[in-house]
Amino acid sequence: YWHQPRIQRSLEKLKIINAFDVGAHKGETIDYLIKLKNLKKIYSFEPQDIAFQYLLKKYKKNKKIVLNKIALSRDNKRKKFYINELSSTSTFSKINKNSFWLKIKNRILNEKDSIKKSVIVKTLTIDRYTELKKIKNIDLLKIDTEGHELDVLKGSLKSINKNKIKYILIELHFSKMYKNYSKQKIEKFLKKNNFILIKKFKFPFHPFVDSLYKFQTR
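Topic: the packing of aromatic side chains
We describe a pair of aromatic rings using the distance from one ring centre to the other and the angle between the two ring planes.
And then number 1: Inspection of the entire model under this criterion finds 7 aromatic pairs.
And then number 2: Considering the side-chain rings of Phe-20 and Phe-45, the 5.3 Å spacing of their centres and the 40 degrees angle between planes classify their relative orientation as tilted. Of this pair, Phe-20 sits in strand β1 (residues 18–22) while Phe-45 sits in strand β2 (residues 41–45), and the two are 25 residues apart along the sequence. Neither residue differs from the other here; Phe-20 and Phe-45 are each classed as buried.
And then number 3: The interplanar angle of 75 degrees and the centroid separation of 4.9 Å between the aromatic rings of Phe-81 and Phe-92 together place this pair among those described as edge-to-face. Placement of Phe-81 in strand β5 (residues 77–84) and of Phe-92 in the loop between β5 and α4 (100–109) is noted, with a sequence separation of 11 residues between them. Considered together, Phe-81 and Phe-92 belong to a single accessibility category, that of buried residues.
And then number 4: By the ring-pair criterion, three or more aromatic residues cluster together here, those being Phe-20, Tyr-43, Phe-45 and Tyr-129.
And then number 5: Note that Lys-26 overlies the ring of Tyr-54, its terminal NZ or CZ placed 5.5 Å from the centroid.

Procedures and definitions
- Residue indices begin from 1 for each chain and proceed along its sequence in written order.
- Given that this is a predicted model, residues contribute local features only at a pLDDT of at least 70 and side-chain atom pairs are listed and counted only at 80 or more, while totals for whole chains, interfaces and linings are drawn from all residues.
- The side-chain numbers reported here are obtained from all heavy atoms of the structure, hydrogens and water having been left aside.
- For this analysis, a ring pair means two rings from Phe, Tyr or Trp (six-membered ring only for Trp) whose centres lie within 6.5 Å, classed as stacked if their planes differ by under 30 degrees, edge-to-face if by over 60, and tilted for the remaining angles.
- Secondary structure counts use DSSP, requiring at least four H or I residues in a row for a helix and at least two E residues in a row for a strand, with both numbered from the N terminus.
- Only protein chains enter the accessibility calculation, which uses a 1.4 Å probe; a residue is then buried when its area is under 20% of its type maximum, exposed when over 50%, and partly exposed in between.
- Charge over a ring is defined by NZ of Lys or CZ of Arg lying within 6 Å of the ring centre and within 35 degrees of the ring normal.

Interpretation in functional terms is not warranted from these geometric data alone.
Below is the structure:
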């Protein structure tokens, strides 16, 4: 009721026509993207069975939304995906069990281990998907993949190099919940590929920030 409207107001100024929602979960981002007055198409990506069925029931009649039951990553293959008790935090990333935030999360969920099971899911790169669907550009690439953000970005490198992506809205973590996760590596990747930070949206009492980047032409 507070965080998402802030993002929506900022995006409204950018004239977003199409958007990729990577890590759609149950449509939390779709719900505010669909309100953007210039928006014509949302490509949604969610690999979890239950969450995807929820998306189908909610949006299957909306012609502006393309639902994809796949995950986006750095390559085109099948990978192990960890289903979490809190489904919005399911992830490809291996968990750092010594993380202070993880211990708090498990206590809130009243779970010793919030990972319930692992499944094998299909992944594609953004470059491959846009090629298959003949998508010429992405006005907004939103990524919320619980520690897998850099892999998604690396799978879009050809598109970035061809100036196909205008804005990136990405969740960056401050916690040490995920093994081998580095907020600094993501920021370095974006800077190297000519994206500049234009706005941060901090969620109160949570160890992450949604950051909005703009592609800066050379």
